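# Understanding the architecture of this molecule
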Amino acid sequence: MNRLSSLPRVLQAVLLLAPLALSAADARVKLDWTDPEKFTDTRQSMCSSTIGPDEWLGELARHVESRAAKQIEPGQHLAITITDVRRAGQCEPWRGPQASDVRIVKEPHSPRIDLRYVLSDADGKVLREGTGELRDLAFLQRGTLNANDPLRFEKRMLDDWLHKTFPAHAP
């Protein structure tokens, strides 16, 4: 058999197995949340957004799962549950119909995330657990972030918490 004729099968196998390998790596870290309808951001929001909290929470979950996997030791599992969120900024519908879905980011509207976590070993033994009250009152004074990412302040706050709570393991 010619090696070139088997190349598409190899590529197909890689493409089919790649998601399985990624999901196995992601299984070490799991971010979930309690009822988003009770979150401060959802209750106090004046936005007319069609983007629900489950969508932006899903984006935060993907971000944390990829970052936290680098912070914990091989064989460990980290479960994080977000219990409350107050995103940076707020909508100001009085600015007009075109601005009814635009978050205006100002100092008084700093991001806040409350969570609880459990770090366990491969056998399920709890190594550490606790809560976190993440606040960043100086979020606008800490340098420029990706201006196109609407969750940039929340992601940075979560990254800071991960680095502080779970210092990267030595290879």
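Computed from a predicted structure; not experimentally measured.

### Re helix α4 (residues 152–165)
Note that an α-helix has 3.6 residues per turn; residues three or four places apart therefore point the same way. Here α4 contains 14 residues, and its C-alpha end-to-end distance of 20 Å stays within 8% of the 20 Å for a straight helix at 1.5 Å per residue. Buried residues dominate α4, accounting for 10 of its 14 residues. For α4, the full list of buried residues reads Phe153, Glu154, Lys155, Arg156, Met157, Leu158, Asp159, Trp161, Leu162 and Thr165. Residues of α4 that are buried make contact with α3 (53–71), β2 (77–86), β5 (112–120) and β6 (126–135).

### Quick look at the pattern of salt bridges
As enumerated under the stated definition, the model contains 8 salt bridges in all. Put simply, Arg62 and Glu59 hold a salt bridge, and the shortest N to O gap is 3.3 Å. Here the residue Arg62 and the residue Glu59 both occupy positions in helix α3, the gap between them amounting to 3 residues, near one helical turn. Take Glu59: its relative accessible area is 30%, and that puts it in the partly exposed class. Of the charged contacts, one joins Asp149 and Lys155 as a salt bridge, the two residues approaching to 2.9 Å between their closest N and O atoms. One exposure class covers both Asp149 and Lys155, and it is buried. Salt bridges linked by common partners bring Glu59, Arg62, Asp149 and Lys155 together as one network.

### A short note on the packing of aromatic side chains
Tallied over the entire structure, the rule returns 4 aromatic pairs. Geometrically, the ring pair formed by Tyr117 and Phe166 is edge-to-face, given 5.4 Å between the ring centres and 85° between the ring planes. One end of the pair, Tyr117, is in strand β5; the other, Phe166, is in the segment after α4, and 49 residues separate them in sequence. Owing to a relative accessible area of 9%, Tyr117 belongs among the buried residues under this scheme. Classification of Phe166 by relative accessible area gives buried; the value is 3%. For the ring pair Trp161 and Phe166, a centre distance of 5.6 Å and an interplane angle of 85° mean the geometry is edge-to-face. Like Phe166, Trp161 is buried. Among the aromatic residues, those joined into a ring-pair cluster are Tyr117, Trp161 and Phe166.

### Observations regarding the confidence of the model for the protein
On average, residues of the protein score 79 in pLDDT, and 70% of them are at 70 or above. In this model residues 1–8 is a low-confidence stretch, pLDDT under 50, and it forms 2 contacts with partners more than four residues away in sequence or in other chains. Contacts from residues 10–25, a stretch scored under 50 in pLDDT, to residues over four places away or in other chains number 0 contacts.

Analysis parameters
Residues numbered from 1 in each chain as written. Predicted model: local features only at pLDDT ≥ 70, side-chain atom pairs only at ≥ 80, totals over all residues. Heavy atoms only, no water. Helix = DSSP H or I, 4+ residues; strand = E, 2+ residues; numbered from the N terminus. Expected span 1.5 Å × (residues − 1). Buried < 20%, exposed > 50% of the residue type's maximum accessible area, 1.4 Å probe, protein only. Contact = heavy atoms within 4.5 Å. Salt bridge = Lys/Arg side-chain N within 4 Å of Asp/Glu carboxyl O. Phe/Tyr/Trp six-rings, centres within 6.5 Å; stacked < 30°, edge-to-face > 60°. pLDDT = per-residue confidence, 0-100.

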